[in-house]
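Take a look at the letters that make up each chain.
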Amino acid sequence: MRKLLLPMFFVLALFAFNKSMLHPELHQKWCSVCGMNLAKFYKTNHLVVLKDGKQMQLCSMHCLAQVYPHIKDKIAKIMVVDAKSGKFIPVQNAYYVVGSSVPGTMSMQSKIAFSSIDDAKAFQKKYGGKIMRFDEAFALQRKMFAKEQAKIAHKQKKMAMMGKILYKKHCKKVDGEFASLAKLKEHIVKNHLCNLQGKKLQAVALYLWQKQHKKHIHVPKDAKCPVCGMFVAKHPRWATMIVDEEGRKLYFDGVKDMMKYLQNHKFKRAYVSDYYSGEAVDATKAYYVLGSDVYGPMGKELIPFKSLQDAKSFLNDHKGKKILRFSQINKEVLQELE
Ligand SMILES: [Zn+2]
Ligand SMILES: [Zn+2]
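Residues numbered from 1 in each chain as written. Chains lettered and ligands numbered in written order. Predicted model: local features only at pLDDT ≥ 70, side-chain atom pairs only at ≥ 80, totals over all residues. Heavy atoms only, no water.

*Asks:* Where do I start with the pairing of strand β1 (residues 46-50) in this structure?
*Replies:* The two faces of a sheet get side chains in turn, since along a regular strand they alternate between them. Counting buried positions along β1 gives 5 out of 5 residues, so the element sits mostly inside the fold. The alternating pattern of β1 places His46, Val48 and Leu50 on one face and Leu47 and Val49 on the opposite face, and all of these are buried. Here β1 runs beside strand β2 (residues 55-58); their pairing, made up of 4 bridges, is antiparallel. Looking across to β2, one finds that Leu47 is bridged to Gln57. Hairpin connection, β1 to β2: the antiparallel pair is bridged by 4 residues, and Gly53 has positive phi, about 95 degrees. Taken together, the 5 bridges between β1 and strand β3 (residues 75-81) define a ladder with antiparallel strand orientation. Note on β3: the bridge partner recorded for Val48 is Ile78. (Buried < 20%, exposed > 50% of the residue type's maximum accessible area, 1.4 Å probe, protein only. Helix = DSSP H or I, 4+ residues; strand = E, 2+ residues; numbered from the N terminus. Pairing = 2+ DSSP bridges.)

*Asks:* What should I look at first to understand the coordination of the zinc ion (ligand 2) in this one?
*Replies:* Coordination sphere of the zinc ion (ligand 2), protein contribution only: Cys225 (SG), Cys228 (SG), Asp253 (OD) and Asp257 (OD), at 1.9 to 2.3 Å. Expressed as a motif, the donor residue spacing for the zinc ion (ligand 2) is C-x2-C-x24-D-x3-D. Remark: Asp257 occurs in helix α7 (residues 255-262) and Cys225 occurs in the loop between α6 (198-213) and β8 (240-244); sequence separation between them is 32 residues. With a relative accessible area of 3%, Cys225 lands in the buried category. (Donors = N, O, S within 2.8 Å, 3.2 Å for Na, K, Ca; no water.)

*Asks:* Help me understand the coordination of the zinc ion (ligand 1), please; the structure alone is not making it clear to me.
*Replies:* Coordination angles at a metal have ideal targets, namely 109.5 degrees for four tetrahedral donors and 90 or 180 degrees for six octahedral donors. Protein coordination at the zinc ion (ligand 1): the donors are Cys31 (SG), Cys34 (SG), Cys59 (SG) and Cys63 (SG), at 2.3 to 2.4 Å from the metal. Around the zinc ion (ligand 1) sit 4 donor atoms; with metal-centred angles ranging over 105 to 119 degrees, the donor geometry is tetrahedral. When the donors of the zinc ion (ligand 1) are listed by position in the chain, the intervening gaps give C-x2-C-x24-C-x3-C. The same class applies to Cys31 and to Cys34, which are both buried. (Tetrahedral: all angles 85-135°; square planar, octahedral: opposite > 155°, others 65-115°.)

*Asks:* Got a minute to help me understand the sheet that holds β2 in this structure?
*Replies:* Whether parallel or antiparallel, the strands of a sheet pair through hydrogen bonds between backbone atoms. Ordered by their spatial adjacency, 4 strands build an open sheet running β2-β1-β3-β4, and the pairing between neighbours is antiparallel. Each edge of the open sheet carries a strand with a single partner, namely β2 and β4 (88-90). Neighbour to neighbour, the strand axes of the sheet diverge by 25 degrees on average, direction disregarded. Summarising the sheet, β3 and β4 pair through 3 bridges and their orientation is antiparallel. Among the inter-strand pairings, Val80 is bridged to a residue of β4, identified as Ile89. (Axes fitted to C-alpha atoms, helices over the stretch in contact; angles between N-to-C directions.)

All we've got here are geometric facts, nothing functional implied.
What follows is the structure, given as structure tokens:
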């Protein structure tokens, strides 16, 4: 019963709260990062204005945290919806109520912004939470990002599987490279390529997006890590893979075990899974964060990233010590991870 009542309460709280929302200011229909419907999650929308005048409307602070490391040097200003008036205001002027009983968007903790501290306090009185300025709320969001993203990636993977079936049944061929999920969806709708809407359209878009942009390491069910003997498929997001000199594929449940193995074995190719996206990355080109507070199935780990920017922001958010390249990972480094 408790299990049922709690979500009911959230839905009712959200309904009562959403009624007060005025006309949404929509610069586009879907979130530039995750492709979700912006009107539906308008209460947590952010708007990023870049120095070249381009804009990105985002469903949530979570999606802002995802794109931020890639665009931070190009940002002119960031705006957020004032939940009272429904208008965008500069984030510097906002008072965020963090962690209230109103559900979050893409996040375990909701972050609802107000232009006036009195409005924030009135909301807090009704729904709980803590009042913060943007810098504090965003620092918290960036800290929680990796955890939230792992959950979301899992959900999106399931949706993409549904999307694959829908795409084959209901869609014409979708070709081309797209700058964002939102652009991909716009292309589908504009050219009438799928007669689908809502969640189904999102599922198809996620499938096509992942197909074009993310190649994961596919771990066979029975593959065991040659170093520790564990089944690698149990921890897919930590998976790494090498192709050895005889062309055999070997799978490991983390960078650490792969690097231990490579101390006295040769390889032709090696791949690691980018910590944020799960994308397979050439191990010799990746950036590895040492000494963070994030642990893998085998304990202390080297956390791999495709981009230096992502590695840097992870290092800041998770108390990492340094960023290493592949060639710098030697016996001494591996000893530090014991
Ligand atoms: Zn989003
Ligand atoms: Zn292992």
